[in-house]
Amino acid sequence: MNFDSSLFLDLFILLFSPAFWLAVSIVFIIAAVLGYWFRGCSTHIKLSIKEANLKTQQIHELEKINRELESKNRELYAKELELVMANKRLQSLEAAKSKFISVTTHQLRTPLAAIKWTFDMAIKGQLGNIDEDFKKFMKKGFQSTERVISIVNDLLKIDTIDSEKSEFSFKPTNLVELVDNVINEFSNQIKSRQLEVVFEKPNKELPFLEMDEDKIRMVLENLIDNAIKYNTLGGKIFIKIDDSRLNSAESSLQITVVDSGIGIPSGEKDKVFQKFFRASNAIKQEPDGSGLGLYITREILEKHNGAIWFEEGKKGGSSFSFTLPLRQKKV
Amino acid sequence: MNNEVKTFNLQDLNIQFYKMAKKILIVEDDEFLRSLNAKRLETEGFEVSIAVDGSEALTKLTEIKPDLIFLDLLLPNVDGFEVLTKIKQDDTTKNIPVIVFSNLGQPEDIEKAKQLGADDFMVKANFTLDDVIAKIKEILK
């Protein structure tokens, strides 16, 4: 009991000792500081993880947008070229129409002139005397002839549009470099479709080819784009430049693009270069396509005095080959 | 009295005209057009020669030495543009007036003919033979 009361007394004294309170407050301060520090640490870590996630997401999005932009760009260029081609076709149609009108109207005008002169001379009595009644009929005839002549003249007012002048500008170009560039352009798509691309170049250095670089770039883009789009995941693309005809009379190079993709159904092979044609299996794989790519490709190559043809790939897939002459004939 | 004077004047004019009858060469491959034109010009007192194609036109040109030429453009053998070029290149014929009388008539045809030295361009179907006579008189006056 004595012990108990002394302990109670000790405690009572302790409560009033400043040392005790100092110790207590130090402990509290340390606890508070430690608590704050730990909490700060964890939020900081949480924040930086969140930030990193956000950044990678943004980068992915940017890459995606970039890829989309690239493909949109190519589409735009293709559309522009389509328009140029369509315009040219219209121009040559116009020229043909104008020529038709000019020849036809000329053929019409000669007999019309004969009828008109005859009526006129008859009315004026230069072909002999006629009575007034007969003259009235002759005048009607003259007026009708005049009407036909004015219709013919109106038709002739449709001016001939200048016959199509080539907008192609041919310059010596390094074909190997161009193919390399185009393959590089598609590196994203090639990666995302896990395709293996092999470009087989001749051993020796090739002479520069006279071509419109932008248009041949279009040709290569069309062919390689098709080889990617209509390929299977993890498929192959084989591009080859064949120089075996470089030393022949019609010096030319042959470029072949082979893919291991879906190919073209055998019944539809004859139509691949037709305007607006799309193979039935191609529509399934890629619903959005104009069906003008290969048509334009062939038009471009024909302007270069080259040719393009399609063969079935050895293991399915498609093989497109085209030739480009070393020099363009001077017009 | 008045009438007499008038008659006398007309006769005088006709005699004068006959004396110096102007020679006109018509180059035209269409037979009917050619005959109508020739008939009309003859009744007007002109001395008319005819050529049915370009090469005949060139021979008649040196033979006759016409005062005026009516030239069609679309002709067999040598075409009208070539005939016109030759007329205007030759010093002995270059001063003979040439009226291109054709059913071509597109701006480029007219421009080309004028550049080669044609004095006028008439589209056959757009004129009557009276207009033709008026044109000749205007050029030869």
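To start, this report covers the structure provided alongside it. (Residues numbered from 1 in each chain as written. Chains lettered and ligands numbered in written order. Predicted model: local features only at pLDDT ≥ 70, side-chain atom pairs only at ≥ 80, totals over all residues.)

When helices and strands are counted, chain B shows six helices and five strands. The proportion of buried residues among the 141 residues of chain B is 35%. For chain B, the share of sequence-separated contacts (at least 6 apart) that also reach a separation of at least 24 residues comes to 59%. (Helix = DSSP H or I, 4+ residues; strand = E, 2+ residues; numbered from the N terminus. Buried ≥ 20, exposed ≤ 12 C-beta atoms within 10 Å, placed from the backbone. Contact = placed C-beta atoms within 7 Å.)

Next up on the list: unusual backbone geometry. Residue and element names in this part refer to chain A. For Q194, which is not glycine, the phi dihedral falls at a positive 50°. Mapping Q194 onto the fold places it in the loop between helix 5 (187-192) and strand 2 (196-200). Positive phi is not limited to glycine here, since N305 has a value of about 60°. Along the chain, the position of N305 falls in the loop between helix 8 (293-303) and strand 6 (307-312).

Once that is clear, we can look at the interface of chain A and chain B. Each partner contributes residues to the interface: chain A has 15 residues there, and chain B has 15 residues. Counting residues per element, the ones that place at least two in the side of chain A that touches chain B are helix 2 (18-123) and helix 3 (132-156) of chain A. Counting residues per element, the side of chain A that touches chain B draws most heavily on helix 2 of chain A, at 12 residues. Among the residues forming the side of chain A that touches chain B, the class breakdown is seven nonpolar, five polar and three charged. (Nonpolar A, V, L, I, M, F, W, Y, C, P; charged D, E, K, R; others polar.)

Moving on, we get to helix 2 (residues 31-43) of chain B. Residue and element names in this part refer to chain B. Between its terminal C-alpha atoms helix 2 stretches 18 Å, which fits the 18 Å expected from 13 residues at 1.5 Å a residue. Listed in full, the buried residues belonging to helix 2 are L33, R34, L36, N37, R40 and L41. Down the axis of helix 2, the smallest arc covering the buried residues is 165°, so these residues share one side. Turned more than 90 degrees away from the buried face of helix 2 sit E31, E42 and T43, all of them exposed. Positive phi shows up at G45, right after helix 2, with a value of about 95°. (Expected span 1.5 Å × (residues − 1). Arc of directions from axis to C-beta.)

A few words on the sheet that holds strand 2 of chain A. Residues and elements named next belong to chain A. Pairing in this open sheet of five strands is mixed, and the strands run 2-4-5-7-6 from one edge to the other. The open sheet has two edge strands with one neighbour each: strand 2 and strand 6. Along the sheet, successive strands turn relative to each other by an average axial angle of 15°, direction set aside. Bridge analysis of strand 4 (residues 236-242) against strand 5 (residues 252-259) gives six bridges, and the strand direction is antiparallel. Each bridged residue has a counterpart across the sheet, and for I241 the counterpart in strand 5 is I255. The strands touched by helix 6 (residues 213-229) within the sheet are strand 4, strand 5 and strand 7 (318-325), with strand 5 carrying the most contacts at an inclination of about 20°. (Pairing = 2+ DSSP bridges. Axes fitted to C-alpha atoms, helices over the stretch in contact; angles between N-to-C directions.)

Here the focus is the pairing of strand 2 (residues 47-51) of chain B. Note on strand geometry: in a regular strand, side chains alternate between the two faces of the sheet. Both strand 1 (residues 23-27) of chain B and strand 2 of chain B contribute to a ladder of five bridges, which runs parallel. Across the sheet, B:I24 pairs through a bridge with B:V48, a residue of strand 2 of chain B.

Residues and elements named next belong to chain B. Spatially, the five strands line up as an open sheet ordered 2-1-3-4-5, and their pairing is parallel. The outermost strands of the open sheet, each flanked by one partner alone, are strand 2 and strand 5 (120-123). On average, each strand axis in the sheet is inclined to that of its neighbour by 20°, with strand direction left out of account. One ladder, built from four bridges, connects strand 1 with strand 3 (residues 68-71); its direction is parallel. Along strand 3, the bridge assignment pairs I26 with F70. Together, strand 3, strand 4 (98-102) and strand 5 form the strand contacts of helix 6 (residues 129-140), whose direction differs from that of strand 3 by roughly 140°.

Right, let's talk about the pairing of strand 3 of chain B for a bit. Residue and element names in this part refer to chain B. Side chains L68 and F70 project from strand 3 onto one buried face, and the interleaved I69 and L71 project onto a second face that is buried too. Alignment of strand 3 against strand 4, held across three bridges, turns out to be parallel. Bridging from a neighbouring strand, L71 pairs with V100 of strand 4. With helix 4 (residues 80-89) bridging strand 3 and the parallel strand 4, this β-α-β connection has right-handed handedness. (Right-handed = clockwise from strand over helix to strand, strands pointing away.)

Once that is clear, we can look at the environment of A:I264. Residue and element names in this part refer to chain A. With respect to the helices, strands and loops of the structure, I264 is situated in the loop between strand 5 and helix 7 (280-285). Judged by C-beta crowding, with 21 C-beta atoms within 10 Å, I264 ranks as buried. Contacts of I264, omitting those with residues within four sequence positions, involve K269, V272, A279 and S318.

Ranked by size, the top nonpolar core spans 43 residues in total, and within it B:V27, B:F70, B:L71 and B:V100 carry the most contacts. If you tally residues by element for this core, the top one is helix 2 of chain A, at five residues. Look past the residues within four positions of B:V100 in its chain and what remains in contact with it is B:L71, B:L73, B:G80, B:A113, B:A118 and B:F121. (Core = buried A, V, L, I, M, F, W, Y, C linked by C-beta atoms within 7 Å.)

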